[in-house]
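# Observations on chain architecture
Here are the chains, one letter per residue:
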Amino acid sequence: MKWRKPVVVMLFVTVLAPIVLYTDRLGSSVASSPRNQFSIEDVFTFNFGGDKRQLNLLPQESSANLKEPIGIVYSDDSTTSLSDSGDSVQISNMYQEMQLRESVEHKTRVLSTTNEDDQFKVENSIRQVTEGLHEGDLGGTLQKLESTREEGGQQRSTENNGTKTENERQSSQMSASKVGDAKEEEPVKFKSEKQSVEMVMADTQVRHLKDQLIRSRVYLSLAATRNNPHFVRELRIRMKEIQRVLGDATKDSDLPRNAIEKLKGMEQTLAKGRQIQDDCAAVVKKLRAMLHSTEEQLRVHKKQTLFLTQLTAKTLPKGLHCFPLRLSTEYYALNSSQRQFPNQERLEDPSFYHYALFSDNILAAAVVVNSTVSHAKDPFKHVFHIVTDRLNYAAMRMWFIANPPSKATIQVQNVEEFTWLNSSYSPVLKQLGSPSMIDYYFKSPRGNADTNLKYRNPKYLSILNHLRFYLPEIFPRLKKVLFLDDDIVVQKDLSALWSLDLNGNVNGAVETCGESFHRFDRYLNFSNPLISKNFDPRACGWAYGMNIFDLEEWRRQNITEVYHTWQKLNHDRQLWKLGTLPPGLITFWKRTHILDRLWHVLGLGYNPSVNQREIERAAVIHYNGNMKPWLEISIPKYRNYWAKYVDYDHVYLRECNINP
């Protein structure tokens, strides 16, 4: 008995006293940081080198406005004050609370997927924020975000309105903290999707009206409805009204105010037609017949359009026929001394910059010369060798006699005077004069015509198109020549091309294999063993139009003979169709030095989407294609690059009614 009291005292000191002290300290710690004072700022701060910083992707909100995180369900006793519970209950609740806080993000993600509407609005909110960051208008974007949240809150049930709105806001903020990583992985497409939806919706009524017209034509062609004259008369009246309403409208804003009224009236009439003709099989059969007929008409119209486009492109306007006639008349009125060009001693001097231009289009040749000289650093050193046909020889000479290009030198030659160029020497001349070639162009029935009409272009009958393969014979004393087509415009000084090292190659040109149709297999017949054994079908093509030729290397490698060999092999056009690019690809195979693409930009004669910056930076722009700049069918936005080098106030141009 005498030891009982000391034992109890020791037990109290060693066991009970530490428990009392521990629980007292823990209770004071919990009391100092109650759950309802939890700050969302803790989530949006981070420590870097001991410095506390804020994550400012979304605006921070005061902790007083925040409630429990979404997805956490509390039991009734969890809301009881810790002071009203026992020590063990207090510790248990505190532990549960800490676990809930640590898993709030996971529970938020899991439970938010149960509400598709909430998830959609959260994602849209984040997208709007990121779009705002890209546009630099963060304030306006955040205002939209707040309005989106408020709209989302109004759509929820009344009893959970306040709590779920706050929970959604907290979930949006937590998700938005990861937007920086997400937007690097996948670009935001919200704005483009919205624009596409608006574009689709902009012509809803127009599409509906057009559909009504189609349905009306179906009913007019069915036997059951045709036997009802009253209905047919009413339907025709409605169709005329719809056609007047539609006019040329392409979107709903183009429609008149009474469009809705006419649309409703037509729907009532069509409803009567459905009552008269209730045989769906007959309607489907008729629609299929109409579809087949429309497709056939479209095919015919496409073929006619292609033919007319080719015809328009290859037919000179009346003014360009008048122009050479007017010039020829003036030329033959001159005496022999007035018909001569100055500075003819420069024509064979290899120290000058020599250009070769083969054309029967006087206005086009004038633009090439004018644009080149206007950008030349030293026009005195530039010499232009122009070769034309007999019909335009006098007119070409007269134009450059009356309009000399500054200090540059001009030579105009007649291809008929090249006595060495005859059918016994040139295989292509022999082929061009053959009866089979004439039949190919002028006597072949249309049913046997080639599908690609450009290969049947009569310009291929002109020897001017093939003179580019006889440059060493035309200029026997020159070392380098820059070949230019007559549908180009020069925008920079080209003298650097003569000092360019071609590395033993003959031809310097720009590659055009950015598109699949500019590779060898698009020009040559690789089903022929002669082609398939010697060439790569995926090899890049290159462009004629601006080419620097090393004539010394040409002569050393006997390139003209290579050209003749392949022309003889293609006498029946089995290796390639007509033209100069396919034999050029073959002749200069592995003999072409590739130039920087900015020396020569192509496509202005057929492609309305040529990069504007490339056009402005290009040394030469090329109107290859059917839409030549001197024709009415030219692409309007490219026309001025060419037209600014034409003096439309010149007396000869005014007399022939040639206007910009």
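Residues numbered from 1 in each chain as written. Predicted model: local features only at pLDDT ≥ 70, side-chain atom pairs only at ≥ 80, totals over all residues. Heavy atoms only, no water.

### Comments concerning the nonpolar core
Nonpolar side chains in soluble globular proteins generally cluster together in the buried interior. Phe323, Trp399, Leu482 and Trp642 are the most contacted members of the largest nonpolar core, which has 66 residues in total. If one sorts the elements of this core by residue count, helix H15 (residues 362–375) sits on top with nine residues. What tryptophan 642 contacts, discounting residues up to four positions off in sequence, is Leu363, Ala364, Val367, Val489, Tyr623, Pro629, Trp630 and Tyr648. (Core = buried A, V, L, I, M, F, W, Y, C linked by side-chain atoms within 4.5 Å. Buried < 20%, exposed > 50% of the residue type's maximum accessible area, 1.4 Å probe, protein only. Helix = DSSP H or I, 4+ residues; strand = E, 2+ residues; numbered from the N terminus. Contact = heavy atoms within 4.5 Å.)

### What to know about H15
When the terminal C-alpha atoms of H15 are compared, their 20 Å separation across 14 residues agrees well with the 20 Å that a helix rising 1.5 Å per residue should span. Ile362, Leu363, Ala364, Ala365, Ala366, Val367, Val368, Val369, Ser371, Thr372 and Val373 are the residues of H15 that are buried. (Expected span 1.5 Å × (residues − 1).)

### Notes on a nonpolar patch on the surface
A contiguous nonpolar patch, built from Val9, Phe12 and Val13 and spanning about 290 Å² of accessible area, is present on the exposed surface. Structurally, phenylalanine 12 is set in helix H1 (residues 4–32). (Patch = residues over 30% accessible without salt bridge, like charges linked within 9 Å, V, L, I, M, F, W, Y side chains within 5 Å. Areas by Shrake-Rupley, 256 points an atom, 1.4 Å probe, with all protein chains shown as cover. Salt bridge = Lys/Arg side-chain N within 4 Å of Asp/Glu carboxyl O.)

### Overview of the pattern of salt bridges
Under the counting rule described, the total for this entry stands at 14 salt bridges. In this structure, the salt-bridge partner of glutamate 267 is arginine 215, at a minimum N-O distance of 3.4 Å. With glutamate 267 in helix H12 (residues 259–276) and arginine 215 in helix H9 (residues 204–221), this pair connects stretches of sequence that are 52 residues apart. When its relative accessible area of 29% is taken as the criterion, arginine 215 is described as partly exposed. Taking the shortest distance from any N to any O, the salt bridge between glutamate 553 and arginine 556 comes out at 2.2 Å. Taken together, the residues span about one helical turn, with glutamate 553 and arginine 556 both in helix H21 (residues 551–557) at a distance of three residues. Bridged by salt links that share partners, the residues Arg238, Glu241 and Lys262 form one connected network.

### Things to note about helix H25 (residues 636–643)
Those residues of H25 that sit buried are Tyr638, Tyr641, Trp642 and Ala643. On its buried side, H25 packs onto H15, strand E7 (488–490), helix H24 (612–617) and strand E11 (620–622).

### Re the state of the cysteines
Per the counting criterion, the structure on display carries two disulfides. Here cysteine 322 connects covalently by a disulfide to cysteine 656, the sulfurs 2.1 Å from one another. Residues cysteine 322 and cysteine 656 are joined through a disulfide that is left-handed, its torsion about the S-S bond being -70°. Of this pair, cysteine 322 sits in helix H14 (residues 318–331) while cysteine 656 sits in the segment after helix H26 (651–655), placing them 334 residues apart in sequence. Cysteine 656 sits in the buried class, given a relative accessible area of 6%. Two residues share a disulfide in this structure: cysteine 513 and cysteine 540, whose sulfurs sit 2.2 Å from each other. Handedness of the cysteine 513-cysteine 540 disulfide follows from its S-S torsion of about 65°: it is right-handed. Pair noted here: cysteine 513 is in the loop between strand E8 (507–509) and helix H20 (529–532) and cysteine 540 is in the loop between H20 and strand E9 (546–550), with a separation of 27 residues, a long-range link. Judged by relative accessible area, which is 15%, cysteine 513 ranks as buried. Since its relative accessible area comes to 24%, cysteine 540 is described here as partly exposed. (Disulfide = S-S within 2.5 Å.)

### Here we look at the packing of aromatic side chains
Summed over all chains, the structure comprises 26 aromatic pairs. Between the aromatic rings of phenylalanine 323 and tryptophan 399, the centroid separation amounts to 5.4 Å while the plane-to-plane angle is 65°, which identifies the pairing as edge-to-face. With phenylalanine 323 in helix H14 and tryptophan 399 in helix H16 (residues 390–402), this residue pair connects regions lying 76 residues apart in the sequence. Looking at tryptophan 399, the relative accessible area reads 8%, which means it is buried. Relative to phenylalanine 384, the ring of tyrosine 355 has its centre 4.7 Å away and its plane inclined at 10°; by these criteria the two rings are stacked. Here phenylalanine 384 lies in strand E4 (residues 382–388) and tyrosine 355 lies in strand E3 (residues 353–358), a separation of 29 residues in the sequence. (Phe/Tyr/Trp six-rings, centres within 6.5 Å; stacked < 30°, edge-to-face > 60°.)

### Some words on the sheet that holds E4
One open sheet holds the seven strands; their spatial order is E5-E4-E3-E6-E9-E8-E10, and the pairing between them is mixed. Single-partner strands in this sheet number two, and they are strand E5 (409–414) and strand E10 (592–594). Adjacent strand axes in the sheet meet at a mean angle of 25° when their direction is disregarded. Here six bridges tie E4 to E5, and the two strands are oriented parallel to one another. Across the sheet, residue isoleucine 386 finds its bridge partner in E5, namely valine 412. In the packing of H15 onto the sheet, the strands contacted are E3, E4, E5 and strand E6 (480–484), and the crossing angle to E4 comes to about 175°. Set on the sheet, H16 makes contact with E4 and E5; between it and E5 the angle comes to about 165°. (Pairing = 2+ DSSP bridges. Axes fitted to C-alpha atoms, helices over the stretch in contact; angles between N-to-C directions.)

Everything listed here is a matter of coordinates, which is why it stays silent on function.
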